[in-house]
Amino acid sequence: GIRASAVEWVMSSMEKSGAEEEGVQPLDGFLKGGTSPEEAIDEVVGEATKGMVKLDDVQCVWKEVVHSTITSSYEEENKSTIRQRDRRRSDRRRRILREEEESNSKFSFDGGDWIPAERPFTPENLAAMSQMLLELMNRWSRHQRLLSILSIYHREVNRAYLESTGKLDAAIQERDNLAKVVPPNLEQQQQQMTDNNNNPKQEQRQPTPTEEDSPQPPPSMLPFHIIQASPPDTASIVVTNWLIGLFEPEKDVAFMDNWPESPIRQSGHDTNIDSTIVTKTQSLDLLTMYKLARPHFEEVFFVVSDRGTDTHKRVSDEVCSYKNVLCIEYEDLLYNNKKELRTMVRSLTEKFRNRYAYYFGIGSNSDWLAVENELNAVERLDAMARVMSDMANEPADKLDLKFGVHGGYQSGEPEASPGGDSSAVKTMPENRRRRLSNALPDGGCEITWPQPPKKSIQTSYAASYPGCGARMSWNLIEALTGLWTGDDWDNNHRGKRVVTVKTHYPHDAGQLVPWDNEISRAIVIIRNPMNAIPSYFNHIYEIKNHLPIHSERAPVADWIEWRDGMAMSQITKYATFVDYWMERFDNLNDDRIFISYETLTDDNDGPEETIRINNFLARSEGIDPIATESVPCVWRAVVKYKDQVSDPQKRRLDDGRRRLDPEHHDSQRSGPTERPYSPELLEAMSKMLLGLIKKWGDRHLRLRKILEGYQQNVHSAYLAQSSKANVLHPTTKNFHIFQASSAHHTGSTVLNNLLVGLFDPDADYKKSTMITKTHEVDLLSLYKKEMPNYKEIFFVVTKGGEDPSTQVEICEYNNVLCIDHEELLYNNQHELHTMVNNLANKLQSRFQYFLGPGLLDETKKMDAVKRLDAMDNAISALNLDGKSGVNGGSTSDGNERATHFEVNGKSFHIFSASPPHTASGVVTNWLIGLFEPDKDYSFMINDREQTVRNHDMSVQIDSTVVTKTHISDLMMLYKKYRSKFDELFFVVSNRGTSQQTRISAEMCQYDNVLCVEYEELLFSDKREMENVVNNLTNKFRARFEYFFGANSDYLSEDKVTSAIQRLEGMSQVAASLADQPYSMSDPKYGVHGGHHNTDGGRISDRKVMGSFKGKLFYCGGAQGFLHGRKNFSYSTFGVFLANSLFPDYEGRIEIQPGNKVENSATPLTEDTMKGASRDDLLIVHSHQHCEVSVEDFPGIQLHINAEYYDLHPKHLDNIDGKSTLDYLPPGMKSFVIGPHDNSSRSIRVPFCSMRLWYLHMSGQSELKKIFDPLYKPKNTRKNFLLYINSHYIEYRERAALALSEIGTIHTAGKCQGNFEAHPADPDDNSATQCVPFGDTLRPPSIQPISGQLGVDQQHNNMELFSQYRYALVMENTDVRPGYVSEKILHAYLSGTVPIYYGSRFVFEIFNPKAFIYFDLDTPHQALTQIQFYEQNPSEYEKMLNEPILAHGQETIEKYFSWDETVGNGRLKSQIRDMMGLG
């Protein structure tokens, strides 16, 4: 550094003096003339450094300067003061050592020579100083030197604070309780201290600078440390990587084994404990580890995972009670997919945050525990799962240093290494879409998309108090009118072009629009405040915790905390809301209507209430809503959209009455529904409602009726809450429940066990003191007889057929609840939980006037579930069970239950769970032959309910021993059905190396999973068939011997013979159906017509097992029809899609290393046409040209219409002048996917979906970048906007020029915004090309960059796009609703914000908040929006963080599910079903 300064000084001096090259002239009397520049520089350096000491002398200098200064200042004091100071220093050092001997070092510090008492601070000063230092340590933890210094300061200040408040002794005592044994290192210090005491001279020796007075290294580089200490097989690797992800996401796992005797191991090297924040160990001696580690850190935390009740897999409850120990149950560490992973991380971090709040002190705002840290933890665990999968087949001694995962990792933690791909997207709840309706004959309706009004209309307010269904009413109004709706904040940028404006005004969550004076009408929606206020709070909770809206209810504790501080003010605001909308309008009957949320959502009254809204809108100028007779259809589609189930036998689980639940039963939110109020709040709410009734009741009768209903409910809750203590104790005999039914077989046994589980869970069947089962018909007589014994009598009645005891008038009594028999049916654990929850809510709602609002909480519901589980187990065991009242084999209701197959009293079930086209039919029929040789084939469909079909009928899973399925998520199946059986087995057939025909090797390692290879299932004669059966049975016997034993009757020679005979029968049936249509099938063997043994063999001269249905053809050639456009890319594009849709056809395409393409599909030519048959399949891409007529192809055809057919040089018109986007190829065996309307021969699929799947299958991109918001790419924000195009479209050029007025745009094609230069159409039928600006005419804000790029970068270059905040990606046309090209997709994949114009169908696919729609009719809206984002970077960041897809999982399933790995293969199934391929 000195030399660099010397060079600069010499050179500048030479310039000033005009020195010549031959030498330097005399400079300021310092340099002699004639000195060369090099010599001058050396002389300057020597002069500058001659006063400096050598490195060896630095210590001496320090002693002379620093130490002597301290010493001289001391000498100025009088001798008595010096002696006093020395004595105090000596005593002080002794005290520190003694304190360290007796306790951990949490409050100890090295005070040095500074005496705090000489400069006293107030306790408030010291507390603020301590907090300031702690925040600095958190903020600058990346600077370890600074961190170690601040850590020492913090300990000193903390001790001074305790001394100043008189709490030091108590703190020392607390430490003494935690550390009663002196650690070895402290014992050595104690011995040294004893030696010093025995040698007074040594004690009085003046310390040297190199000993005590010289600066000492800090005891730690970090203020705290976390030890992840867990028993084996407790998912500890999940805990470790979660913690590292929070604090040091890029660090490797650090292992502690016998420390400090052995060093910490990290990254394959020895290291110190203070080099990392998290260490992992399997030692459970936490107290010893604490004593050893505590002197190095300000605090040491322990995070432990426990499992089961085995003491070898748990730490003691006493240890878990320490405040610096967090114990986590194994079940809390399980996850199957990315959504569950995020939930798990959030839950663990919240536990960590709450447990250690005493240290971190700032709770959820701690920099260590911010949302970004949680995301880092999710990313790390996701990466860990992938590494575990990759290393499953590696040797056990291979170790991944970063994640601490061994090869062949099974870990004894089957679910900790999430059972499958942890990034897999699980089916999520459907998102409600805003829709409109067209009236159809007979009251039907058709759901389409809302449009902007084409003429001036009269806008109304849609006002609602928060939590009153604003979003639902928004959707409903759009559906009724077919017109846009808006909101008071104009979030959708629709301005005045809306039929209604949603607002919560005068509540502070809403506002009036700037053009408020133009709105003279209003629809006002209100809800019982007892339910609206909690719903509003849930919304606040979701926003505060960065959760999706309408996804999760807040915990009850959070509600109570918020309620006690805010609910009273919300009650006042509710009254203010009603007052405002009553006072605003003069014409009370026509300018404003009040709608009750409860009535609007009621099964009986909801359609009528919707008709009121429809009629009100019809009286608004310019609005023509849907026909009245179609309103009920719209209401069902929008309000009751969840009830539109595909299975007509499924009934809704409610009683048709108005709901009083805290959340409407259709709410998508999960979490606790209890929202208890204090008596004071309920009383205030009741008085508020009475005031509104008195004020407005005479002027508005409908409002009066609504408010009176609310007030009665609130007052009943108040009375119940006031006497709740008495109600909750059944011994006081406050009430009794009679479960009454005059008919048998109405589910009364299930209901009785449910009621006893809710109210008296420990009682035996028919012996409850609170529940009495009766078949008495005359309920009134029973009521009169029993009422003197109780304060209230309730009747719960099950209805079945024309039961006279359940007449309508009886069911209308307030203390009678009638339940349909169908509401008590359930098939699995999910349906059981749903049934219990629904009926408990009904009971709570119906009898709330007496029981109060919070009696049937989640605990009581779980008691009921457990009791019904016990009842089902009793049924399965075929034993008499006194508690559940169940006879062996069936309930007393006559509901038949299947008898489980058992081994030594234990039941089991077998899944033949294989990917398609892996000879799974052979596996299934072999298994059925072993266990139930005469049974028909049962198949589990991959739908939401996992329906099991047999003879085209839905059956119970336990109606057979063997079930076949193509569902590959074995862990999901195991979790879902494990409760029904003592054991589940999976037999899987794998084929080849493709992920589509194999399950993971990790799954095959589980003890209850048997994997066989496809080649083991092939046979061509009876002898080979017998060998196949014997080999499979031996493998089965060896794999599952732990359950069946070595000599099970199920695996005897007779059973093997039965299996061989069944496979013979299957082969014969397969041969007879080979030439039949695919729709023909055999229910016993599961063989389809035209199958050609795809999934089952037949005895023949060759091994035909697993052969294909037919060959895959495609239109190909060296050159396509379009000028200059190679046909190869389009050919392979179509085959890529076909590989996923039709793996049962011969012909595939794969990308090999070096991007080499291998295509085994058959190009359609005159020669290959000769060998084509009706079993073959032809793929025709819209940009391809076949040298033969496709109409002559004998098999099935699928035309992939990406954009338009090349039937005419102008592309968009065919020979009849019609748009080729409507074109359907001739022939009933020709089908189309593309921008078509859905029909019997076409399915609407946007090209962007095809393109994304092509990029995915060819390895060029990942689906999760589009599907998962966590993986959404982000641009660098370096530049404003990129515009890449050469095809001239006038409106696109106009848009580019307008955008250049906001910022500098870069162009990488011929198009530059020169819209006035209309180019002539080319003669060669190619696309019209833009005319660039001349250099002198081009605006300075438009900068071409084409010359700086290679050809590869000029087209759809992701890296180039990623450098821009926006990309202009407007379509060439918007002639069809389904036309959405790859342009917007490429923008998303690069992380930039698309500025898009095209079909409004884009809103069906992509989230409107994640891109900017450049409406040609109102371009200023997009321009204003972009200017706003440019001026507000934080708002732009919010847009970047928006999910890409419009409706999440629903969009994935509908438009992107090209195979079973995505969205359950829904799109694939639709396409195959359309083509008759099943």
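Higher on the page you've got the structure.
Residues numbered from 1 in each chain as written. Predicted model: local features only at pLDDT ≥ 70, side-chain atom pairs only at ≥ 80, totals over all residues. Heavy atoms only, no water.

### Let's talk about the overall build of the protein chain
(1) Moving on: Helices and strands together make up the secondary structure of the protein chain, namely 48 helices and 45 strands.
(2) Moving on: Here the protein chain holds 1478 residues, and the buried ones make up 52% of them.
(3) Moving on: Relative to all contacts within the protein chain whose residues are 6 or more apart in sequence, the contacts with residues 24 or more apart total 67%.
(4) Moving on: Counting every atom, the protein chain has about 67,000 Å² of accessible surface; 50% of that belongs to carbon and sulfur. (Helix = DSSP H or I, 4+ residues; strand = E, 2+ residues; numbered from the N terminus. Buried < 20%, exposed > 50% of the residue type's maximum accessible area, 1.4 Å probe, protein only. Contact = heavy atoms within 4.5 Å. Areas by Shrake-Rupley, 256 points an atom, 1.4 Å probe, with all protein chains shown as cover.)

### Observations regarding the sheet that holds strand β15 (residues 522-526)
(1) Moving on: Pairing within the open sheet is parallel, and its 5 strands lie in the order β13-β14-β12-β15-β16. Each of the sheet's edge strands pairs with one partner strand only, and the pair in question is β13 (486-487) and β16 (592-596).
(2) Moving on: Together, β12 (460-464), β13, β14 (500-503) and β15 form the strand contacts of helix α16 (residues 470-481), whose direction differs from that of β14 by roughly 175°.
(3) Moving on: Lying over the sheet, helix α18 (residues 556-583) contacts β12, β14, β15 and β16, oriented at roughly 155° with respect to β15. (Pairing = 2+ DSSP bridges. Axes fitted to C-alpha atoms, helices over the stretch in contact; angles between N-to-C directions.)

### What to know about the state of the cysteines
(1) Moving on: Evaluation of the coordinates by the stated rule reveals 4 disulfides.
(2) Moving on: Through a disulfide, Cys811 is tied to Cys818; the S-S separation comes to 2.0 Å. Linking Cys811 and Cys818, the disulfide has an S-S dihedral of approximately -95° and is accordingly described as left-handed.
(3) Moving on: Given a relative accessible area of 11%, Cys818 falls into the buried group.
(4) Moving on: Between Cys1311 and Cys1330 runs a disulfide, and the two sulfur atoms are separated by 2.0 Å. Judged by the sign of its S-S torsion, about 70°, the cystine formed by Cys1311 and Cys1330 is right-handed. Residue Cys1311 is found in the loop between β41 (1305-1307) and β42 (1342-1344), and its partner Cys1330 is found in the loop between β41 and β42; the two are separated by 19 residues along the sequence. An identical accessibility class is assigned to Cys1311 and Cys1330; each is buried. (Disulfide = S-S within 2.5 Å.)

### A closer look at unusual backbone geometry
(1) Moving on: Here Tyr505 and Pro506 are connected by a cis peptide whose omega angle stands at 10°.
(2) Moving on: The phi angle at Arg1277 is positive, at roughly 65°, despite the residue not being glycine.
(3) Moving on: Along the chain, the position of Arg1277 falls in the loop between α40 (1264-1267) and β40 (1279-1283).
(4) Moving on: Phi is positive for Asn1464, close to 60°, though the residue is something other than glycine.
(5) Moving on: Along the polypeptide, Asn1464 turns up in the loop between α47 (1449-1455) and α48 (1466-1474).

### Looking at a nonpolar patch on the surface
(1) Moving on: Together, Val53, Val58, Val61 and Val65 line one region of the surface with nonpolar side chains, adding up to about 300 Å² of accessible area.
(2) Moving on: Following the sequence through the fold, Val61 ends up in helix α3 (residues 58-75). (Patch = residues over 30% accessible without salt bridge, like charges linked within 9 Å, V, L, I, M, F, W, Y side chains within 5 Å. Salt bridge = Lys/Arg side-chain N within 4 Å of Asp/Glu carboxyl O.)

### Brief notes about helix α32 (residues 970-977)
(1) Moving on: With respect to burial, α32 is a largely interior element, 6 of its 8 residues being buried.
(2) Moving on: Among all positions of α32, only Leu970, Met971, Met972, Leu973, Lys976 and Tyr977 are buried.
(3) Moving on: The elements touched by buried residues of α32 are β22 (906-913), β23 (939-940), β26 (962-965), β27 (983-990), α33 (1001-1004) and β28 (1009-1013).

### Describing the nonpolar core
(1) Moving on: Ranked by internal contacts, the top residues of the largest apolar core, which has 94 residues, are Phe1142, Tyr1366, Phe1406, Trp1458 and Met1475.
(2) Moving on: The element that contributes the greatest number of residues to this core is helix α39 (residues 1247-1257), accounting for 7 residues.
(3) Moving on: Setting aside residues no more than four positions away along its own chain, Met1475 makes contact with Phe1142, Leu1177, Ile1196, Gln1197, Leu1198 and Phe1231.
(4) Moving on: Formed by 75 residues, the second largest nonpolar core is a distinct cluster that contains Cys445, Ala554, Phe577 and Leu681. (Core = buried A, V, L, I, M, F, W, Y, C linked by side-chain atoms within 4.5 Å.)

### What about the pattern of salt bridges?
(1) Moving on: For the structure shown, the criterion picks out 42 salt bridges.
(2) Moving on: Of the charged contacts, one joins Asp382 and Arg386 as a salt bridge, the two residues approaching to 2.9 Å between their closest N and O atoms. A residue pair is termed a helical-turn pair when its members lie 3 or 4 positions apart in one helix, as Asp382 and Arg386 do in helix α15 (residues 371-390) at 4 residues.
(3) Moving on: A residue is classified by how much of its surface remains accessible, and Arg386, at 33% relative accessible area, is partly exposed.

### Remarks on the sheet that holds strand β20 (residues 816-820)
(1) Moving on: Overall, parallel pairing links the 4 strands, which are arranged β18-β17-β19-β20 in an open sheet. Strands at the two margins of the open sheet, each flanked by one partner only, are β18 (771-774) and β20. Neighbouring strand axes in the sheet, compared pairwise and without regard to direction, differ in orientation by 20° on average.
(2) Moving on: When strand β19 (residues 792-799) meets β20, the two strands line up parallel, connected through 5 bridges. From the neighbouring strand, Phe795 faces β20, where its bridge partner is Val816.
(3) Moving on: Together, β19 and β20 form the strand contacts of helix α28 (residues 829-846), whose direction differs from that of β20 by roughly 155°.

### Remarks on the packing of helix α10 (residues 236-247) against helix α13 (residues 338-355)
When two helices pack together, their arrangement is given by the angle between their axes and by how far apart the axes lie.
(1) Moving on: Between α10 and α13, the shortest axis-to-axis distance is 11 Å and the interhelical angle comes to 75°. It follows from the interaxial angle that α10 and α13 lie roughly perpendicular. Residue-level inspection shows Val238, Trp242, Leu243, Leu246 and Phe247 of α10 in contact with α13, the latter providing Met344, Val345, Leu348, Thr349 and Phe352.
(2) Moving on: A per-class count over the contact of α10 with α13 returns 9 nonpolar, 1 polar and no charged. (Parallel < 35°, antiparallel > 145°, perpendicular 65-115°, else oblique. Nonpolar A, V, L, I, M, F, W, Y, C, P; charged D, E, K, R; others polar.)

### Observations concerning the environment of Ser1081
(1) Moving on: On the secondary structure map, Ser1081 appears in strand β29 (residues 1081-1082).
(2) Moving on: Considered as a pair, Ser1081 and Ala1070 are 11 residues apart in the sequence and their alpha carbons are 9.3 Å apart.
(3) Moving on: When sequence neighbours within four positions are dropped, the list of residues in contact with Ser1081 reads Leu1073, Val1087 and His1088.

### Description of the packing of aromatic side chains
(1) Moving on: Counting across every chain of the model gives 56 aromatic pairs.
(2) Moving on: Judged by centre distance (6.2 Å) and plane angle (85°), the ring pair of Trp242 and Phe352 falls under edge-to-face. With a gap of 110 residues between them, Trp242 in helix α10 and Phe352 in helix α13 connect regions that are remote in the sequence. Accessibility assignment for this pair places Trp242 and Phe352 in one class, buried.
(3) Moving on: Ring centres 5.6 Å apart and planes at 90° place the aromatic pair Phe1401 and Tyr1455 in the edge-to-face group. Taken together, the residues Phe1401 in the loop between β44 (1393-1396) and α44 (1402-1405) and Tyr1455 in helix α47 connect sequence positions 54 residues apart. The exposure classification of Phe1401 matches that of Tyr1455, with both residues buried.
(4) Moving on: Grouped by ring-pair contacts, the aromatic residues Phe908, Trp926, Phe931, Phe985, Phe1036, Phe1040, Tyr1042, Phe1043 and Phe1044 constitute a single cluster. (Phe/Tyr/Trp six-rings, centres within 6.5 Å; stacked < 30°, edge-to-face > 60°.)

### Topic: helix α26 (residues 779-786)
(1) Moving on: For α26, the full list of buried residues reads Leu779, Leu782 and Glu786. For α26, the angular spread of the buried residues around the axis is 60°, confining them to a single face. (Arc of directions from axis to C-beta.)

### Observations regarding the side chain of Arg294
(1) Moving on: Along the polypeptide, Arg294 turns up in the loop between α11 (286-293) and β6 (299-306).
(2) Moving on: Given the relative accessible area of 0%, Arg294 is considered buried.
(3) Moving on: Only 2.3 Å separates the side chain of Arg294 from the backbone oxygen of Phe297, close enough to count as a polar contact. (Polar contact = N/O pair within 3.5 Å; in protein donor to acceptor, adjacent residues only side chain to side chain.)

### Some details on the packing of α39 against helix α43 (residues 1383-1390)
(1) Moving on: Contact pair α39 / α43: the axes reach a minimum separation of 8 Å and the direction vectors enclose 45°. The angle between α39 and α43 places the two elements in the oblique class. Along this stretch, α39 crosses α43, giving a crossing that reads as right-handed. When α39 is examined against α43, the residues Cys1248, Arg1251, Leu1252 and Leu1255 are found in contact with a partner set consisting of Leu1385, His1386 and Leu1389.
(2) Moving on: Class assignment of the residues belonging to the contact of α39 with α43 gives a composition of 5 nonpolar, 1 polar and 1 charged. (Left-handed = near helix turned anticlockwise from the far one by under 90°.)

### Considerations on the environment of Val499
(1) Moving on: Looking at where Val499 falls in the secondary structure, it is placed in the loop between β13 and β14.
(2) Moving on: Judged by its relative accessible area of 0%, Val499 falls in the buried class.
(3) Moving on: Taking C-alpha positions, Val499 is 8.2 Å from Ile477, a pair spaced 22 residues apart along the chain.
(4) Moving on: Setting aside anything within four residues of it in sequence, one finds Val499 in contact with Ile457, Gln458, Thr459, Ser460, Ile477, Thr481, Leu483, Trp484, Thr485, Leu617 and Ile623.

### Brief notes about the pairing of β15
(1) Moving on: With 5 of its 5 residues buried, β15 lies for the most part within the structure.
(2) Moving on: Here β15 shows no split at all, with Ala522, Val524 and Ile526 on one side and Ile523 and Ile525 on the other all buried.
(3) Moving on: Looking at chain direction, β12 and β15 are connected through 4 bridges and run parallel. Along β15, the bridge assignment pairs Ser464 with Ile525.

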